Amino acid sequence: MKNKHLEHLEDDILNNGSEGGKTSIAFLRSLGSMLSQGDKKKDMKVTTKWDGAPAVICGVRPETGSFFVGNKSVFNKEFAKVCVDSQDVDEYYPESGLNPILKSCLNNLSKIGIKGVIQGDLLYTEKTKVITTVGGKRCVTFTPNTITYAIPLDTDLGKRVNNSNLGIVFHTTYTGDSLAEMSAGFGVDVSPYQEHKEVTVFSSDFTDTSGSANFTTAELTKFKSTVNMAEGSLRQASKFLDVMKGTDKFAFNTVFKTFFNTYIRKGTAIPSTNKVLTDFATYYSTILDKEINSKKSEKGKQKWIDVKDNGLKFIASNQRSIYMTVASYKNLTTAKLMIIRKLESVKGIGTFLKDGNGYKVTAPEGFVAIKSGTALKLVDRLEFSTA
């Protein structure tokens with residue numbers, strides 16, 4: 001399996017029903033234990049989610065032994081865009097903005113001694129890092145996507161970044177006998193890639209040497225109470241979560257995901273559970289009306305009129321279960337944000353947002369929690385979406 005799109009922790013109840021609920025609770029309990037003083041769980045790993053772009057896949061192609069670079073299209077079974085030289089880049093990406101990026105990756109990453117196949121997110125090239133003043137300090141900065149990263153020039157890391165041609169953070173390791181059949185695993189040991197001065201390889205591993213990310217006794221009590229509330233509401237919503245699972249765009253679990261995202265896109269927190277109940281019925285009716293109006297034939301319209309009528313009846317007859325689903329989602333989100341706030345308290349590389357007045361401090365994009373080979377995103381969606 002290739003490295004699939006990471007899902008948010010709270011969305012696991014919509015993606016995987018009652019089993020997703022159990023996974024979310026298990027993740028939160030392990031994270032709470034990890035952030036308890038003196039209780040470092042070995043079954044839980046946290047990585048920092050860098051706001052890098054684009055995704056770069058590189059390494060030694062197992063079929064040929066040649067070094068290559070590319071994006072996720074290297075895994076295409078019909079037409080794999082695997083670039084082993086600049087001619088390949090010109091052939092596959094002649095007019096694309098990826099052309100100079102992949103050429104830089106090909107030239108620089110081939111020098112650092114990658115043995116297998118790994119994936120990372122590009123942070124900067126020689127042309128995209130800038131020296132500027134941030135917070136009164138001269139810094140080398142780079143803005144691969146939304147967040148600007150700033151490193152003081154008078155630090156060892158700042159000097160290294162300033163003198164390098166390319167910066168990247170690796171997070172996924174692939175194994176297998178061919179690109180088309182490779183399996184993805186979270187995490188990359190980047191220690192072998194630190195020697196070459198032309199490339200700065202950042203680690204995604206979260207480290208807290210100061211202990212500032214530990215919960216206090218009061219914080220831990222509040223966190224556990226919130227997780228218990230989420231578990232209680234999930235217990236009452238579990239059957240409904242499994243009933244509403246589906247694969248098409250109007251399946252209720254899919255509609256719930258897009259519905260919750262409407263609040264995030266508006267930059268507003270999810271309101272009271274009762275308000276959400278009313279909003280959801282309105283949202284469902286609106287998207288079905290749009291589908292009905294898109295059909296030209298009366299037969300086509302009637303099909304979706306029936307879907308709408310049946311759906312609204314389903315919503316009306318499952319008010320209590322929907323209430324518990326929304327309560328679970330909100331409780332999971334609240335517990336997740338408690339974890340995020342503690343993880344953010346560990347200060348590393350400066351993260352900023354550019355605005356009309358210069359730079360304002362912001363949090364990292366988020367974190368990734370990994371447990372028993374499964375990974376879920378820990379992101380303050382409202383804050384990052386607004387950014």
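Preceding this paragraph is the structure being described.
The notes below deal with the structure included here.

Cut-offs used in this document
Residues numbered from 1 in each chain as written. Predicted model: local features only at pLDDT ≥ 70, side-chain atom pairs only at ≥ 80, totals over all residues. Heavy atoms only, no water. Helix = DSSP H or I, 4+ residues; strand = E, 2+ residues; numbered from the N terminus. Rg over C-alpha atoms; globule rule 2.2 N^0.38 Å. Buried < 20%, exposed > 50% of the residue type's maximum accessible area, 1.4 Å probe, protein only. Contact = heavy atoms within 4.5 Å. Areas by Shrake-Rupley, 256 points an atom, 1.4 Å probe, with all protein chains shown as cover. 1 Å grid on protein atoms, 1.4 Å probe; cavity = no way out; pocket = protein on both sides within 12 Å on 5 of 7 lines; lining within 4 Å. Points joined across faces, edges and corners; volume = space filled by probe spheres on them. Nonpolar A, V, L, I, M, F, W, Y, C, P; charged D, E, K, R; others polar. Core = buried A, V, L, I, M, F, W, Y, C linked by side-chain atoms within 4.5 Å. Phe/Tyr/Trp six-rings, centres within 6.5 Å; stacked < 30°, edge-to-face > 60°. Axes fitted to C-alpha atoms, helices over the stretch in contact; angles between N-to-C directions. Parallel < 35°, antiparallel > 145°, perpendicular 65-115°, else oblique. Left-handed = near helix turned anticlockwise from the far one by under 90°. Pairing = 2+ DSSP bridges.

### Topic: the overall build of the chain
And then number 1: Looking only at helices and strands, the chain features 10 helices and 14 strands.
And then number 2: Over its C-alpha atoms the chain spans a radius of gyration of 23 Å, differing by no more than 12% from the 21 Å that the globule rule assigns to 387 residues.
And then number 3: Counting only C-alpha atoms and orienting by the principal axes, one finds that the chain spans roughly 65 × 60 × 45 Å.
And then number 4: The 387 residues of the chain split such that 49% are buried.
And then number 5: Excluding contacts between residues fewer than 6 apart, the proportion of contacts in the chain whose partners are at least 24 apart in sequence is 67%.
And then number 6: Roughly 18900 Å² of accessible area belongs to the chain as shown, and the carbon and sulfur atoms make up 51% of that amount.

### Description of empty space enclosed by the protein
And then number 1: One pass over the full model with this rule turns up two cavities of 30 Å³ or more.
And then number 2: In this structure, the largest cavity spans a volume of roughly 40 Å³.
And then number 3: Lining of the largest cavity is provided by 10 residues; of these, Glu344, Pro364, Glu365, Asp380 and Glu383 occupy positions nearest its centre.
And then number 4: Looking at the lining of the largest cavity, the elements with two or more residues in it are helix 9 (319-344) and helix 10 (381-386).
And then number 5: A per-class count over the lining of the largest cavity returns five nonpolar, one polar and four charged.

### Structural notes on the nonpolar core
And then number 1: With 54 residues, the main nonpolar core has Phe223, Phe256, Leu343 and Leu378 as its most contacted residues.
And then number 2: No other element matches helix 9, which puts 10 residues into this core.
And then number 3: With near-sequence residues (within four places) excluded, Phe256 lies in contact with Leu14, Phe240, Met244, Phe280, Ile322 and Val326.
And then number 4: Counting residues in each nonpolar core, the second largest holds 25 residues, with Cys83, Leu109, Phe170 and Val199 among its members.

### Looking at the packing of aromatic side chains
And then number 1: Enumeration according to the criterion identifies 23 aromatic pairs in this entry.
And then number 2: Geometrically, the ring pair formed by Phe256 and Phe259 is edge-to-face, given 6.5 Å between the ring centres and 75° between the ring planes. With Phe256 and Phe259 both in helix 6 (residues 252-266) and three residues apart, this pair spans about one turn of that helix. Just as Phe256 is buried, Phe259 falls in that class too.
And then number 3: When the ring of Phe259 is compared with that of Tyr283, the centres are 5.5 Å apart and the planes differ by 50°; the resulting orientation is tilted. Of this pair, Phe259 sits in helix 6 while Tyr283 sits in helix 7 (residues 273-293), and the two are 24 residues apart along the sequence.
And then number 4: In textbook terms, an aromatic cluster arises when at least three aromatic residues are bridged by ring pairs, as seen for Phe240, Phe252, Phe256, Phe259, Phe260, Tyr263, Phe280, Tyr283, Tyr284, Phe314 and Tyr329.

### Quick look at the packing of helix 6 against helix 7
And then number 1: With their axes 10 Å apart at the nearest point, helix 6 and helix 7 run at an angle of 110° to one another. By the criterion of interaxial angle, the relationship of helix 6 to helix 7 is roughly perpendicular. Of the two possible hands of crossing, helix 6 and helix 7 adopt the one that is right-handed. Residues Phe252, Val255, Phe256, Thr258, Phe259, Phe260, Thr262 and Tyr263 of helix 6 lie in contact with helix 7, whose contacting residues are Val276, Asp279, Phe280, Tyr283, Tyr284 and Ile287.
And then number 2: Looking at the contact of helix 6 with helix 7 residue by residue, the classes come out as 11 nonpolar, two polar and one charged.

### A look at the sheet that holds strand 1 (residues 44-49)
And then number 1: Here we have three strands laid out as an open sheet, ordered 1-13-14, and antiparallel in their pairing. Two strands in the sheet have a free side with no partner beyond their single neighbour: strand 1 and strand 14 (374-378). Mean inter-strand twist for the sheet, computed between neighbouring axes without regard to direction, equals 25°.
And then number 2: With six bridges joining them, strand 1 and strand 13 (residues 366-371) adopt antiparallel strand pairing. Opposite Val46, over in strand 13, you have Ala369 as the bridge partner.
And then number 3: Across the face of the sheet, helix 9 comes into contact with strand 1, strand 13 and strand 14 while running at roughly 80° to strand 14.

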